[in-house]
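Chain and residue survey
The chain contents come next:
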Amino acid sequence: MSTKPPGLRSFAVFFGGSLLLGLTIGLADVVLDQVGNPVSRLGILAALVTAFAAAVWLGLRWWSRLDEAAREAHKWAWYWGGSCGAALGFLAVAAATRLGQIASSPMLASWTPAEAFYNGALALIACQLVGHGIAWAVWWLQRR
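The model shown is predicted, which means the values in this text are computed figures rather than measured ones. (Residues numbered from 1 in each chain as written. Predicted model: local features only at pLDDT ≥ 70, side-chain atom pairs only at ≥ 80, totals over all residues. Heavy atoms only, no water.)

**Points about the overall build of the protein**
- Summing up its helical and strand segments, the protein has 5 helices and 0 strands in all.
- Beginning at the N terminus, the succession of helices and strands in the protein can be written as α-α-α-α-α.
- Across the 144 residues in the protein, those meeting the buried criterion constitute 18%.
- Sequence-distant contacts, at least 24 apart, represent 70% of the contacts inside the protein between residues at least 6 apart. (Helix = DSSP H or I, 4+ residues; strand = E, 2+ residues; numbered from the N terminus. Buried < 20%, exposed > 50% of the residue type's maximum accessible area, 1.4 Å probe, protein only. Contact = heavy atoms within 4.5 Å.)

This is the structure we're talking about:
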């Protein structure tokens, strides 16, 4: 029996491609923001919507090709790892806020409420993804 988790290569290609696409669109957004062209901003929005639709379609296609063990690994990892990652991320932000470290940071204090919400949501999703990755690896290591 192979110890390599099924679908790992396709997942890595999908994840890496999504990451590269997101970074490219984000970089284009920053560059076009410096130019100040509102039509360019609509183009970035259209690119984001198209990229999101393509990622959902590719993700569903990837999921349908996974075997039962790989699906179970991801479901288990998202439930436990994603939940624990979100909880730990929330606790870290809550603790830093209560200790006054966030309010005293010059960079964080300059954020608008919309920027703070966006960055907080992004940080929470990052914690969930890290938790998922750790739990996914634990699930496969337990079944070696």
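**Quick look at the packing of aromatic side chains**
- Across all of its chains, the model carries 3 aromatic pairs by this definition.
- Aromatic side chains W139 and W140 sit 4.9 Å apart centroid to centroid with 80 degrees between the ring planes, which places their arrangement in the edge-to-face category. For the residue pair W139 and W140, the accessibility class agrees, reading buried in each case.
- Above the ring of W139, the side-chain terminus of R143 is found at 4.0 Å from the ring centroid. (Phe/Tyr/Trp six-rings, centres within 6.5 Å; stacked < 30°, edge-to-face > 60°. Lys NZ or Arg CZ within 6 Å of the ring centre and 35° of its normal.)

**What about the nonpolar core?**
- Counting 9 residues, the largest nonpolar core consists of W62, L66, A70, A73, A77, A135, W136, W139 and W140.
- At the level of elements, α3 (68-98) and α5 (113-142) are the ones that each hand at least two residues to this core.
- Broken down by element, this core gets its largest block of residues, 4 residues, from α5.
- In contact with A73, not counting residues within four places along its chain, are W136, W139 and W140. (Core = buried A, V, L, I, M, F, W, Y, C linked by side-chain atoms within 4.5 Å.)

**Digging into the confidence of the model for the protein**
- Mean pLDDT for the protein: 80, with 86% of residues reaching 70 or above.
- Confidence, expressed as mean pLDDT per element, reaches its minimum in the protein at helix α4 (residues 106-109) with 72 and its maximum at α3 with 89. (pLDDT = per-residue confidence, 0-100.)

**As for the packing of α3 against α5**
- The interhelical angle for the contact between α3 and α5, taken along N-to-C directions, is 135 degrees, at an axis separation of 6 Å. Here α3 is positioned oblique relative to α5, judged by the angle of their axes. Taken as a pair, α3 and α5 cross one another with a handedness that is right-handed.
- Of the residues assigned to the contact of α3 with α5, the class counts are 16 nonpolar, 8 polar and 1 charged. (Axes fitted to C-alpha atoms, helices over the stretch in contact; angles between N-to-C directions. Parallel < 35°, antiparallel > 145°, perpendicular 65-115°, else oblique. Left-handed = near helix turned anticlockwise from the far one by under 90°. Nonpolar A, V, L, I, M, F, W, Y, C, P; charged D, E, K, R; others polar.)

**Examining α5**
- Its 30 residues give α5 an end-to-end C-alpha distance of 43 Å, which sits within 8% of 44 Å, the value for a rise of 1.5 Å per residue.
- Within α5, the full set of buried residues consists of Q128, G131, H132, A135, W136, W139 and W140. (Expected span 1.5 Å × (residues − 1).)

**Brief notes about the pattern of salt bridges**
- Considering all chains together, one arrives at 1 salt bridge under this definition.
- For the salt bridge of K75 with E72, the shortest nitrogen-to-oxygen distance reads 3.6 Å. With K75 and E72 both in helix α3, this residue pair falls 3 residues apart, about one helical turn.
- Relative accessible area serves as the criterion here: at 42%, K75 is assigned to the partly exposed category. (Salt bridge = Lys/Arg side-chain N within 4 Å of Asp/Glu carboxyl O.)

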